[in-house]
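Per-entry structural report
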Amino acid sequence: MTVTWEELGWERLTEGVGRVRLPGWDCTVGLVITPDAALLVDAGSSLPEGARLRDLLPVNVTHLALTHPHFDHVLGAASFPEAEVYAAYAGYDAAELADDAVRNGLDAGLAREAAAALTAPGHVVTRACTPVPGVDLVPLGPAHSPYDLVVTVSGAVPVVFCGDLVEESGEPQAGPDAEPARWPGVLDELLALGGEDALYVPGHGAVVDAAFVRRQRDALGERFGVSRR
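Read on for an overview of the structure. Note that the structure is predicted; figures quoted are calculated from it, not measured.

Here we look at the pattern of salt bridges
Two side chains carrying opposite charge are able to pair once their charged atoms lie near each other. In total, this model carries 12 salt bridges according to the counting rule given. A salt bridge links Arg-223 to Glu-171, with the shortest nitrogen-to-oxygen separation between them at 3.6 Å. Placement of the pair is Arg-223 in helix 6 (residues 210–224) and Glu-171 in the loop between strand 11 (159–161) and helix 5 (183–194), with a sequence separation of 52 residues. Assessed through its relative accessible area of 35%, Arg-223 is described here as partly exposed. With a relative accessible area of 52%, Glu-171 lands in the exposed category. Members of the salt-bridge network, linked through shared partners, are Glu-96, Asp-100 and Arg-103.

Examining the pairing of strand 4 (residues 38–41)
Of the two faces of strand 4, the one lined by Ala-38 and Leu-40 and the one lined by Leu-39 and Val-41 are each fully buried. In this structure, strand 3 (residues 28–33) lies alongside strand 4, joined through four bridges in antiparallel fashion. Bridge assignment links Leu-31 to a residue of strand 4, and that residue is Leu-40. Between the antiparallel neighbours strand 3 and strand 4 lie four residues. The handedness of the strand 4 to strand 5 (residues 63–65) crossover, carried by helix 1 (residues 47–56), is right-handed.

Details of the packing of helix 5 against helix 6
Two numbers describe how helix 5 lies on helix 6: the axes approach to 8 Å, and their chain directions differ by 165°. By the angle between their axes, helix 5 is roughly antiparallel relative to helix 6. Like other packed secondary-structure pairs, helix 5 and helix 6 cross with a definite hand, here left-handed. Every residue of helix 6 that contacts helix 5 at Trp-183, Pro-184, Leu-187, Asp-188, Leu-190 and Leu-191 is listed here: Ala-210, Val-213, Arg-214, Gln-216, Arg-217, Leu-220, Gly-221 and Phe-224. Residues of the contact of helix 5 with helix 6, tallied by class, amount to nine nonpolar, two polar and three charged.

Considerations on the nonpolar core
Formed by 32 residues in total, the largest nonpolar core has its most connected members in Trp-10, Leu-40, Leu-64, Leu-66, Leu-75 and Phe-80. Those elements that place two or more of their residues in this core are strand 3, strand 4, helix 1, helix 2 (71–74), strand 6 (84–87), helix 3 (94–103) and helix 4 (108–117). The contact partners of Leu-75, leaving out residues within four places of it in the chain, are Gly-44, Ser-45, Ser-46, Leu-47, Leu-97, Ala-101, Leu-106, Ala-111, Ala-114, Ala-115 and Leu-118. Residues Val-186, Leu-191, Phe-212 and Leu-220 belong to the second largest nonpolar core, which totals 20 residues.

Some points on the packing of aromatic side chains
For any two aromatic rings, the description comes down to two numbers: the centre-to-centre distance and the angle of the planes. Counted under the stated rule, the structure contains five aromatic pairs. With a centroid separation of 5.2 Å and 70° between ring planes, the pair formed by Tyr-89 and Tyr-92 is classed as edge-to-face. Residue classification places Tyr-89 among the buried residues on the basis of a relative accessible area of 2%. Here the aromatic rings of Tyr-89 and Tyr-147 are separated by 5.8 Å at their centres, their planes lie at 55°, and the arrangement is tilted. Of the two residues, Tyr-89 sits in the loop between strand 6 and helix 3 while Tyr-147 sits in the loop between strand 9 (135–139) and strand 10 (149–153), which places them 58 residues apart along the sequence. Taken together, the aromatic side chains of Tyr-89, Tyr-92 and Tyr-147 make up a single cluster linked through ring pairs.

Structural notes on the environment of Leu-187
Mapping Leu-187 onto the fold places it in helix 5. On the accessibility criterion, Leu-187 (0% relative accessible area) is buried. Each C-alpha atom of the pair Leu-187 and Gln-216 lies 8.6 Å from the other, and the pair is 29 residues apart in sequence. Beyond its immediate sequence surroundings of up to four residues, Leu-187 is in contact with Leu-165, Val-166, Val-213, Gln-216, Arg-217 and Leu-220.

As for the sheet that holds strand 11
One key point about sheets: their strands pair by backbone hydrogen bonds, in either a parallel or an antiparallel sense. Pairing is mixed in the open sheet, where five strands are placed in the order 8-9-10-11-12. The open sheet has two free edges, formed respectively by strand 8 (129–132) and strand 12 (199–201), since each of these has just one partner strand. The mean angle between the axes of side-by-side strands here comes to 25°, regardless of whether they run parallel or antiparallel. Summarising the sheet, strand 10 and strand 11 pair through three bridges and their orientation is antiparallel. Within strand 11, the position partnered with Val-151 by the bridge is Phe-161.

Calculation criteria
- Residues numbered from 1 in each chain as written.
- Predicted model: local features only at pLDDT ≥ 70, side-chain atom pairs only at ≥ 80, totals over all residues.
- Heavy atoms only, no water.
- Salt bridge = Lys/Arg side-chain N within 4 Å of Asp/Glu carboxyl O.
- Helix = DSSP H or I, 4+ residues; strand = E, 2+ residues; numbered from the N terminus.
- Buried < 20%, exposed > 50% of the residue type's maximum accessible area, 1.4 Å probe, protein only.
- Pairing = 2+ DSSP bridges.
- Right-handed = clockwise from strand over helix to strand, strands pointing away.
- Axes fitted to C-alpha atoms, helices over the stretch in contact; angles between N-to-C directions.
- Parallel < 35°, antiparallel > 145°, perpendicular 65-115°, else oblique.
- Left-handed = near helix turned anticlockwise from the far one by under 90°.
- Contact = heavy atoms within 4.5 Å.
- Nonpolar A, V, L, I, M, F, W, Y, C, P; charged D, E, K, R; others polar.
- Core = buried A, V, L, I, M, F, W, Y, C linked by side-chain atoms within 4.5 Å.
- Phe/Tyr/Trp six-rings, centres within 6.5 Å; stacked < 30°, edge-to-face > 60°.

As structure tokens, this is what we get:
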């Protein structure tokens with residue numbers, strides 16, 4: 001019997017590509033399944049959340065791409081010890097990551113357990129690379145964070161996993177590690193990668209189109225006083 005994406009709790013986007021919105025912070029996790037690999041995009045906010053993700057997966061994860069080093073996207077990563085991990089950064093400040101998670105409402109014990117279990121990404125992405133056929137990882141930061149990484153999936157309808165460069169369920173968040181002056185220009189680069197017909201998957205919220213990304217780009221420029229030439 002074939003099990004559908006929806007029966008497993010995932011939203012199917014295109015052939016072999018899906019995503020799930022996690023409770024709590026409404027963080028998106030993506031999944032790309034190819035004949036020889038399964039690439040997960042982000043890992044959730046704690047080890048229990050990572051374990052729950054494993055239960056939703058129809059395959060074993062071979063690759064894990066982390067879009068940026070914020071707690072709600074990375075603290076579940078140790079739940080996938082068999083995966084090759086890709087990120088645009090070389091490591092973590094575990095104490096600061098746990099403290100940030102606690103400030104945002106995660107249980108202190110869960111936060112410190114997950115932060116202590118993190119290991120440095122095995123692959124530091126400093127230029128575009130293709131870990132799985134049809135999937136490109138492109139570092140675009142700093143913008144939302146110092147190390148924003150975009151995951152693009154080719155196909156008749158391209159899919160772009162944006163991380164928190166794009167948010168739909170609320171206003172984009174700019175913490176102390178953001179570089180707002182670069183953010184609108186980075187969204188221009190994001191649009192060039194995906195094109196007009198792509199599905200753009202925000203780090204939080206519903207899937208959007210290119211027009212939404214342009215509107216958010218313009219709103220960020222106005223919000224932070226960044227003029228576009």
